[in-house]
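Spelled out from the first residue to the last, the chains are:
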Amino acid sequence: MLELALTHRSYAYESGGIPTNERLEFLGDSVLGLIITQSLYSTFPDLDESRLSPLRSGVVNTKALAVIARELSLGDYLRIGKGEESSGGRDKSSILADSLEALVGAIYLEHGIDVTTRKVMEWFGPLIASAYAQGSGIDAKTGLQELAALRNLGAPEYQIEESGPDHDKSFTAVAIVSGERFAVGSGKSKREAEQVAAKAALEVLHARTS
């Protein structure tokens, strides 16, 4: 099943017409869409369709899938034809995205929806958090505040430190949610540092509880 998920049509054609990963890709596309949609529906109960749709679009698209495929080094394991190999096919976003969907389809057929959901959320959780802050048109601080409110964690706080001369100050910020300190963010202004810190906290919180 894994071998099939990694078999691009260019390889299949050069090998005498063996099966390709396209059927698994078709299945994986729907499975992935369902898992992401259900996660968004459950995680953000106060968001209506007009805000959920851009969130999903910010996660389930060729660019986003290709980023995750590269993080998994999926291209190293693809079976592609000589022509695609010579033209850099192992790093083409379209091929990587399609192969990741095929992999999701293979995991679903082999292990069922529960295992597939856990794996998809492991890969996509941080991306969903980023999309919430960016794709829905709100900044990271607002996103963190809304998420904390939805989960009854209280209002986020920020601990700010500054350094450097007056004409070239730098700022660092730590987001604190329900007493827990998250990653340090830095920037040339307090707001910039807080935004970076909020984004990091948002990603961790979402990935942890998805």
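Going by the structure above, here's the rest.
Basis of the calculations
Chains are numbered independently. Their residues run from 1 in the order of the written sequence. Thresholds applied to this predicted model are a pLDDT of at least 70 for local features of residues and 80 or more for the giving and counting of side-chain atom pairs; totals over whole chains, interfaces and linings are not thresholded and use all residues. Each side-chain value is worked out from all heavy atoms of the structure, with water and hydrogens disregarded. By the criteria applied, helices consist of DSSP H or I runs no shorter than four residues and strands consist of E runs no shorter than two, each listed in order from the N terminus. The buried label applies to any residue whose accessible area, calculated with a 1.4 Å probe on protein chains only, is under 20% of its type's maximum; exposed applies above 50%, and partly exposed to all values in between. Contact criterion: two residues are considered in contact whenever any of their non-hydrogen atoms come within 4.5 Å of each other. Residue-level accessible areas treat just the shown protein chains as cover; the underlying method is Shrake-Rupley with a 1.4 Å probe. Charge counting follows a simple rule: Lys and Arg are positive, Asp and Glu are negative, and His as well as the terminal groups are ignored. For the purpose of locating charges, the reference atoms are NZ of Lys, CZ of Arg, CG of Asp and CD of Glu. Each reported salt bridge corresponds to a side-chain nitrogen of Lys or Arg within 4 Å of a carboxyl oxygen of Asp or Glu. Two distance rules govern patches: like charges are joined within 9 Å, and nonpolar side chains (Val, Leu, Ile, Met, Phe, Trp, Tyr) within 5 Å, applied only to residues with over 30% relative accessible area and no salt bridge. For helices, the fitted line uses only the C-alpha atoms of the stretch in contact; every axis is such a line through C-alpha atoms, and the angle between N-to-C directions lies from 0 to 180 degrees. Our angle categories are set so that under 35 degrees counts as roughly parallel, over 145 as roughly antiparallel, 65 to 115 as roughly perpendicular, and the remainder as oblique. Take the far helix as your reference; a near helix turned counterclockwise from it by less than a right angle gives a left-handed crossing, and one turned clockwise gives a right-handed crossing. Here the nonpolar group is Ala, Val, Leu, Ile, Met, Phe, Trp, Tyr, Cys and Pro; Asp, Glu, Lys and Arg are the charged ones; every other residue, Gly included, is treated as polar. Here the aromatic set is Phe, Tyr and Trp, taking the six-membered ring for Trp, and pairing holds for ring centres within 6.5 Å; pairs whose planes are under 30 degrees apart are stacked, those over 60 apart are edge-to-face, and all others are tilted. Any Lys NZ or Arg CZ found within 6 Å of a ring centre and within 35 degrees of that ring's normal is scored as a charge over the ring.

For the rest of this paragraph, the subject is the overall build of the protein chain. Each helix and strand counted, the protein chain has ten helices and three strands in total. Looking at the protein chain as a whole, 41% of its 210 residues are labelled buried. A fraction of 55% describes how many contacts in the protein chain between residues 6 or more apart in sequence connect residues 24 or more apart. In the form shown here, the protein chain has an accessible surface area of approximately 11,000 Å², with 51% of it arising from carbon and sulfur atoms. If you average the places of the 21 positive and of the 29 negative side-chain charges in the protein chain, the two averages end up 1 Å apart.

Under the criterion given, the structure shown has eleven salt bridges. The salt bridge partner of lysine 92 is glutamate 84, with a shortest N-O separation of 3.0 Å. Note that glutamate 122 and lysine 119 form a salt bridge whose closest N and O atoms lie 3.2 Å from each other. Highlighted residues: glutamate 122 and lysine 119, both in helix H8 (residues 113-134), separated by three residues, approximately one helical turn.

Here we take up a nonpolar patch on the surface. Among the surface-exposed residues, Met1, Leu34, Tyr108, Leu109 and Ile113 lie close enough to one another that they form a single nonpolar patch of about 450 Å² accessible area. With respect to the helices, strands and loops of the structure, leucine 34 is situated in helix H3 (residues 22-43). Residue class for leucine 34 comes out exposed when judged on its relative accessible area of 51%.

Turning to the packing of H3 against helix H4 (residues 49-59), a few remarks are in order. Between H3 and H4, whose axes approach to 10 Å, the crossing angle comes to 140°. In terms of their interaxial angle, H3 and H4 are classed as oblique. In the crossing of H3 with H4, the sense of the turn from one axis to the other is right-handed. Of the residues in H4, those touching H3 at Ile36, Thr37 and Leu40 are Leu52, Leu55, Arg56 and Val59. Each residue belonging to the contact of H3 with H4 can be placed in one class, and the counts come to five nonpolar, one polar and one charged.

Following the criterion strictly, the structure yields zero aromatic pairs and no others. In this structure, lysine 141 is placed above the aromatic ring of tyrosine 158, and the distance from its NZ or CZ to the ring centre is 5.0 Å.

Before going further, it helps to spend a moment on the environment of isoleucine 128. Turning to its location among the elements, isoleucine 128 is positioned in helix H8. Judged by relative accessible area, which is 0%, isoleucine 128 ranks as buried. Sequence separation of isoleucine 128 and leucine 27 is 101 residues, and the distance between their C-alpha atoms is 21 Å. Apart from the residues lying within four places of it in its own chain, the contact partners of isoleucine 128 are Ile36, Ser39, Leu40, Phe44, Val59, Met121 and His206.

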